[in-house]
Amino acid sequence: MNYNLLIYLLCAFSTLPLSNAGAQTINALVTAKSKDSQAALTVSGYIKDAANGEGLIGVSVYVKETGTGAVTNNYGFYAVTIAPGNYNLVISYVGYTRQTRSINLTDRNIRLDLELQQEGKDLQEVVVSTRREDDNVKNIEMSVNQIDVKTLKRIPALLGEVDVVRSIQLLPGVSTVGEGATGFNVRGGSIDQNLVLLDEAPVYNSSHLFGFFSVFNPDAVKDVKMIKGGIPSNYGGRISSILDVRLKEGNAKKPELNGGIGLIFSRLSYERPLFKGRGSFIVAARRSYADILAQPFLNSDLKGSKFYFYDLTAKGNYRINDKNTVFLSGYLGRDVFGADFGFNWGNATVSARWNHVFSDRLFLNTTAYYSNYDYSLDSDLKGKTPTDFFRTNSRIVDYSLKPDFSLALGKNLLTFGGQAIIHDFQPGTATAASDGDVRSFGIANKHALETALYVGNEQQVTPKLQLQYGLRYSLFHYVGPGEAYVFSTDVALGQRRDVVSSIGYKGGQVIKTYGNWEPRFSAKYELSDNSALKLSYNRLAQYIHLISNTTASTPLDIWTPSTNNIKPQVGDQIAAGYFKNFGRSTNTGREFEASVEIYYKWLQNQIDYIDGASLILNKYLEGDLLNGKGRAYGAEFYLKRNTGVVNGWISYTLAKTERQVLGINNNEWYPTRFDKRHTLTSVLLFDPPAAKRWNFSATFTLASGTPATFPTNRFEYEGYVGQVISGRNNYRIPAYHRLDLAATLQGRRRPGKRKEDNWVFSVYNAYARKNAFSVYFQPNEDNPRVTEAIRYSVFATIIPSITYNFKF
């Protein structure tokens, strides 16, 4: 009997966490499968960092005698199923000492928990993929980069502050429209097409200070994983990429204090064990103080101005017993700007997770989360004009439950589960007063329910061929209470559509339903021990949308669900790649690793806007939206040196991103605002042997200018000078290039002292390049008949900084 198929089908129809009876049913099937397979047995357990007790993600557990193995999941758990016998397990993880364990599997499963020791400081690793040895070849994943926090902290950063989002922009296929832009773009996708997760809760705005800093405190971050293609079936909801950020669990061995003092903000974190080592926690906080430092220099009109941000990150865990562990994590962050007129925005998330080991092969993680993003704006912060003011606010709130199972079956690793998300949208409400006459207006709240079921399997078909395939079905209900508008259809393409009727719905009534099958497939064929070919295909559906027609998205943009007038976005991507490692062998794999990937994406139901679209507080917003299709294709080249005094990586991306929307650009294809034809990035890390306390780093970026819409002609009529625009995004702003430098001086280590500290000296924009963020046109002041182009640069000078970091 084909028990794999039976279990696969059973998983496909699972919607909720298994009851005891359900778990027993699957375990019974596993047992039956084992009897048909020479009573296969399982060795499983958790692998943790010996220094702090943190579970390690992506550790390789390799069985020498069979050539098979497993990788630890996001919680450090692994399971290897093999026939009875004597075996040698090789446990390896870059930056940690390799271990070999001999086991004797005879008549029962073995629980083997391990702790790995970090290697000496002389080993300077650059970890910008997953962290098994030769993992870029051995792992079936492609279009995936995993960034080690130690590497993040060495990359030169703006004002010396380590930044997750800016660091991933040094990877192939990831870009931004410019400095000061919120979010990032992946393989031709817009910023709302990236699912940014913090301990599995979505973060809707990943930036502080209009995009200059990310919301992720590096002292609290454990792991950062970017998935650009070959996306597994357990992920969904966005069509371009997944940025999965995992928080530290807290030091389970001893108390630890970390912090840093910089020029514009400081940070502090504290972690320690709980309940005699059965749990731990971490609390991390940051606050900028540019407003405090500037107060003595502000004139009377600006006294009391507020321009700062802060965030608080916390996480705790408790191991109930060997089979059950619970986690609770949260984030709260806010940006505040203004004097008399100002606004603020921020994220808040809470994640609660339960890990349960049903058996040596069956693992469950159940996650419940809350996520909130909101902003507010007030024209009279100080209450000087109580009879004349304008106030507005907007928010999106999510509540979700997600059970996720993994089941080890010999050469197969099944994953299956489901997810339900309740979306509450408040697109915008406002209150305005003029001479004491107060009125309120805005867009009514919207509600939606998004659910999904998924199943996937990772299968080792032969020693050289590995497959990963799966299927996800997503279902979206746009529900009441609310009004659904019907717009006119007899208007010219690209023109505003007027409302012709509306239908009211009560709470819970379904207004519109959408459903999508989302197949996923990946394959890897090893050409040799150090080279492989990989192929992937995925389809994803996205049911919520960011509405923005500005040059770069801002915190004041709004989110809206798919409705009876807005269809869900659908993206298909196929990618192929060649991966090879070469050079001398080291304990972390080969000296060099290289890859070349090509991809093509088809995008359906892409949102664009009529000329002069009114997006803010417009209850008939849907009449200003247009629907089109997109395509993105390109090639990504990546070369990394893993070891040595000089190491780092270089990447080059050749790409093209276009849209076709009826009513725009004469219905012809046009480049998107974030299209970049050429992007070259490099990271250099230097550890001079003669200066053991010093290390140096540099990054360089060179990219094509992004498209912009410029006037092509001008006319004069009775003294008035006008401009004629022909085509959408018909020109490009000048090319972008920038060099950043950093030097780190390690403090002296004293015998018997736990204190570690360092000074980081950095220079951002080292040769003062005036990179254009945008170009606009205006009449010359002296001669209005002459039109001049004005180039706006966010940073047009060198920005030096110094930061002091400490650890106790």
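Residues numbered from 1 in each chain as written. Predicted model: local features only at pLDDT ≥ 70, side-chain atom pairs only at ≥ 80, totals over all residues. Heavy atoms only, no water.

1. Points about the overall build of the protein chain
The condition is simple: Only DSSP runs of H or I reaching four residues or more are called helices, and only runs of E reaching two or more are called strands; each is numbered from the N terminus. In this treatment the radius of gyration is a C-alpha quantity, and the globule benchmark scales as 2.2 Å times the residue count to the 0.38 power. Burial classes: relative accessible area under 20% of the type maximum marks a residue as buried, over 50% as exposed, and values in between as partly exposed (1.4 Å probe, protein chains only). Only the protein chains shown count as covering a residue, and every accessible area follows the Shrake-Rupley method with a 1.4 Å probe. His is not counted, nor are the chain ends; Lys and Arg add positive charge and Asp and Glu add negative charge. By convention, the charge on Lys lies at NZ, on Arg at CZ, on Asp at CG and on Glu at CD.
In terms of regular secondary structure, the protein chain is built from six helices and 51 strands. Here the protein chain has a C-alpha radius of gyration of 27 Å; the compact-globule value for 808 residues is 28 Å, and the two agree. Projecting the C-alpha coordinates of the protein chain onto the three principal axes gives extents of approximately 95 × 65 × 50 Å. Going through the 808 residues of the protein chain one by one, you find that 56% of them count as buried. Accessible surface, the protein chain: about 33700 Å² in total, of which carbon and sulfur atoms supply 56%. Mean positive and mean negative side-chain charge positions of the protein chain (89 and 73 charges, respectively) differ by 6 Å.

2. Notes on the sheet that holds strand 9 (residues 144-147)
Threshold: The pairing criterion for strands is at least two bridges between them, as found by DSSP.
One open sheet holds the five strands; their spatial order is 9-16-17-12-13, and the pairing between them is mixed. Both edges of this open sheet fall to strand 9 and strand 13 (201-202), since each of them pairs with a single strand only. Sheet analysis places strand 12 (residues 194-198) next to strand 17 (residues 241-247), joined by five bridges and oriented parallel. The residue of strand 17 that forms the bridge with Leu195 is Ile242.

3. Some words on the packing of aromatic side chains
The geometry of an aromatic ring pair is captured by two quantities: the separation of the ring centres and the angle between the planes. Put simply, the rule is: Pairing of aromatic side chains here covers Phe, Tyr and the six-membered ring of Trp, requires ring centres within 6.5 Å, and sorts the geometry by plane angle: under 30 degrees stacked, over 60 edge-to-face, intermediate tilted. Working rule: Lys NZ or Arg CZ, within 6 Å of ring centre, within 35 degrees of ring normal, means a charge sits over the ring.
The final tally for this structure, using the stated rule, is 37 aromatic pairs. The interplanar angle of 25° and the centroid separation of 6.0 Å between the aromatic rings of Phe637 and Tyr652 together place this pair among those described as stacked. Of this pair, Phe637 sits in strand 38 (residues 625-641) while Tyr652 sits in strand 39 (residues 646-661), and the two are 15 residues apart along the sequence. Through a chain of ring-to-ring contacts, the aromatic side chains of Tyr46, Tyr75, Phe77, Phe327 and Phe363 assemble into a single cluster. When the ring centre of Tyr308 is taken as origin, the NZ or CZ atom of Arg287, which lies over that ring, is 4.1 Å away.

4. Focus on the confidence of the model for the protein chain
Note the threshold: Across the chain, each position has a pLDDT score giving the predictor's confidence in that residue, from 0 to 100. The contact rule is simple, with two residues in contact once any of their heavy atoms fall within 4.5 Å.
Across the protein chain, the average pLDDT comes to 86, with 90% of residues at or above 70. Scored below 50 in pLDDT, residues 1-19 shows 39 contacts in the model against residues more than four places distant or in partner chains.

5. Quick notes on the pattern of salt bridges
What counts, and what does not: Salt bridges are identified by distance alone: a Lys or Arg side-chain nitrogen within 4 Å of an Asp or Glu carboxyl oxygen.
Summed over all chains, the structure comprises 41 salt bridges. A salt bridge links Glu115 to Lys253; the shortest N-O distance between them is 2.8 Å. Of this pair, Glu115 sits in strand 8 (residues 114-116) while Lys253 sits in the loop between strand 17 and strand 18 (256-261), and the two are 138 residues apart along the sequence. According to the relative accessible area criterion, Lys253 is partly exposed, its value standing at 42%. Members of the salt-bridge network, linked through shared partners, are Asp199, Glu200, Asp244, Arg246, Lys315 and Arg353.

6. Describing the side chain of Thr681
The criterion, for reference: Each polar contact in these results corresponds to two N or O atoms within 3.5 Å; when the atoms are within protein, one needs to be able to donate a hydrogen and the other to accept it, and residues that are neighboring in sequence are counted only if both atoms are side-chain atoms.
With respect to the element layout, Thr681 can be found in strand 41 (residues 678-686). A polar side-chain atom of Thr681 sits 2.9 Å from the main-chain carbonyl oxygen of Leu170. Only 2.6 Å separates the side chain of Thr681 from the side chain of Ser651, close enough to count as a polar contact. Those residues in contact with Thr681 that lie beyond four places of it in its chain are Gln169, Leu170, Trp649, Ile650, Ser651, Phe700 and Thr701.

7. Concerning a nonpolar patch on the surface
Threshold: Note on patches: the residues involved have over 30% relative accessible area and no salt bridge, like charges join within 9 Å, and the nonpolar side chains Val, Leu, Ile, Met, Phe, Trp and Tyr join within 5 Å.
Where nonpolar side chains cluster on the molecular surface, the patch consists of Leu263, Val645, Val646, Leu684, Phe686, Trp694, Phe696, Trp759, Phe761 and Ile802 and spans about 770 Å² of accessible area. Only strand 41, strand 42 (694-703) and strand 48 (756-764) provide two or more residues apiece to the nonpolar patch. Along the chain, Phe696 turns up in strand 42. Exposure remark for Phe696: the relative accessible area of 31% places this residue in the partly exposed category.

8. Notes on the sheet that holds strand 6 (residues 99-105)
Each strand in a sheet pairs with its neighbour through backbone hydrogen bonds, running either in the same direction (parallel) or in the opposite one (antiparallel). Just so we agree on the cut-off: Here an axis means a line fitted to C-alpha atoms, over the contact stretch when the element is a helix, while the angle between two N-to-C directions is reported on a 0 to 180 degree scale.
Pairing within the open sheet is antiparallel, and its four strands lie in the order 3-2-5-6. Pairing within the sheet leaves two strands with one partner each, and these edge strands are strand 3 (68-71) and strand 6. Mean inter-strand twist for the sheet, computed between neighbouring axes without regard to direction, equals 20°.

9. Considerations on unusual backbone geometry
A cis amide bond, omega 10°, links Gly480 with the succeeding residue Pro481. Phi angles above zero are rare outside glycine, and Ser143 is one such case at about 60°. Summarising the element assignment, Ser143 is placed in the loop between helix 3 (135-138) and strand 9. Look at Ser143 and you get buried, because its relative accessible area is 1%.

10. Side note on the environment of Thr385
Among the secondary structure elements, Thr385 is positioned in the loop between strand 24 (362-378) and strand 25 (389-409). Taking the relative accessible area as the measure of exposure, Thr385 reaches 36% and is therefore partly exposed. Taking the C-alpha atoms as reference, Thr385 lies 9.8 Å from Ser434; in sequence the two are 49 residues apart.

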